[in-house]
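Chains, contacts and geometry: an overview
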Amino acid sequence: YAWTVFWVGFDGYSSNTVEQAGTMAQCGSSISLPPTYSAWWEMYPTNQIQVMPITIMPGDTINESVVYSSANSNYAMKVSDKTDRQNYTQNATCASNLTCQRNSAEWIVERPIVNGNYTALADWNTMNFTNAKAATVSGYEPISYYTNQPINMINYSGNTLASVTRLKLNGPAFTDKWVAAQ
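Every value quoted in this text rests on a predicted model; they were computed, and no experiment measured them.

Reading guide: rules and limits
Residues numbered from 1 in each chain as written. Predicted model: local features only at pLDDT ≥ 70, side-chain atom pairs only at ≥ 80, totals over all residues. Heavy atoms only, no water. Helix = DSSP H or I, 4+ residues; strand = E, 2+ residues; numbered from the N terminus. Rg over C-alpha atoms; globule rule 2.2 N^0.38 Å. Buried < 20%, exposed > 50% of the residue type's maximum accessible area, 1.4 Å probe, protein only. Contact = heavy atoms within 4.5 Å. Pairing = 2+ DSSP bridges. Core = buried A, V, L, I, M, F, W, Y, C linked by side-chain atoms within 4.5 Å. 1 Å grid on protein atoms, 1.4 Å probe; cavity = no way out; pocket = protein on both sides within 12 Å on 5 of 7 lines; lining within 4 Å. Points joined across faces, edges and corners; volume = space filled by probe spheres on them. Axes fitted to C-alpha atoms, helices over the stretch in contact; angles between N-to-C directions.

Okay, the overall build of the protein next. In terms of regular secondary structure, the protein is built from zero helices and 17 strands. Taken over the C-alpha trace, the protein has a radius of gyration of 16 Å; the compact-globule value for 182 residues is 16 Å, and the two agree within 12%. A principal-axis box enclosing the C-alpha atoms of the protein has dimensions of 50 × 35 × 35 Å. Every one of the 182 residues in the protein was classed for burial, and the buried ones make up 38%. When contacts within the protein are restricted to residue pairs at least 6 apart in sequence, long-range pairs at least 24 apart make up 50% of them.

Here we come to the sheet that holds strand β16 (residues 160-164). Spatial strand order, β12-β17-β16-β15: four strands in an open sheet with antiparallel pairing. Each edge of the sheet is formed by a strand with only one pairing partner; in this case those strands are β12 (126-129) and β15 (153-154). Here β15 runs beside β16; their pairing, made up of two bridges, is antiparallel. Note that in β16 the partner of M153 across the bridge is A162.

The next subject is the nonpolar core. Among the nonpolar cores identified, the biggest contains 14 residues, and M43 and M77 are the most heavily contacted of them. Going through the elements one at a time, β3 (36-44) and β6 (74-81) are the ones with two or more residues in this core. Not counting the four nearest positions on each side in its chain, M43 is found in contact with V18, E19, Y75, M77, A92, T93, C94 and C100. The next biggest cluster of nonpolar side chains, apart from the first, holds 13 residues, and it includes V109, L121, F129 and W178.

For the rest of this paragraph, the subject is empty space enclosed by the protein. This structure, assessed with the given rule, holds one cavity of 30 Å³ or more. Considering only enclosed or pocket space, the largest cavity measures out at about 30 Å³ in volume. Residue lining of the largest cavity: T17, V18, E19, M43, Y44, P45, T46, C94, A95, L98 and C100, and that is the complete set.

Turning to unusual backbone geometry, a few remarks are in order. Looking along the chain, the bond that leaves Y44 and enters P45 is cis, with omega of 5 degrees. Tracing the chain through its elements places P45 in the loop between β3 and β4 (50-51). You will see that D11, though not glycine, has its phi angle at about 70 degrees, which is positive. Mapped onto the fold, D11 is located in the loop between β1 (2-10) and β2 (18-27). Residue D11 is classed as buried on the basis of its relative accessible area of 0%.

We now examine the sheet that holds strand β7 (residues 86-93). Paired through their backbone hydrogen bonds, the strands of a sheet run either parallel or antiparallel. Read from one edge of the open sheet, three strands run β5-β6-β7, paired in antiparallel fashion. Each having just a single partner strand, β5 (62-69) and β7 make up the two edges of the open sheet. Across the sheet, the axes of successive neighbouring strands diverge by a mean angle of 15 degrees, strand direction being ignored. Where β6 lies against β7, eight bridges are found, and the strand directions are antiparallel. From the neighbouring strand, D81 faces β7, where its bridge partner is Q86.

Next up, the structure:
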């Protein structure tokens, strides 16, 4: 199997929680099994990925967001398929035994761990992230407003699996490109 997971959310870079929503592609172990696509949400480590009841297809334009409300300590995790106008929002709170710090905002492409091992990375070619923003007390700012760090995906041998560009000139956009499966 080969997988690719696309998500946005809070935490993960330097914390032990992640509040996230996204989409994923899973390719079968043989040519006879077609790829599957889905939208999902997760409050890691409280739960595993939870599939959302909307249909995702290759080439669709997707908006993903995670919005925290301090009024009720709620995370609204939303995936919208702009191509066919489907969307789903899951509301959740941080588990009582955890602290969801919201110390980083993240836009991620990765390969998941399944049964204790990293999966092969499914080939998505190129993913364009646009209109990437995070909130301040005065409103939303492009990610270039904040300290930001592009991180290439590498394997245990140090070989690049995916490469990410620096932010484009207007600040809220970058590209992530598939390089290798393993």
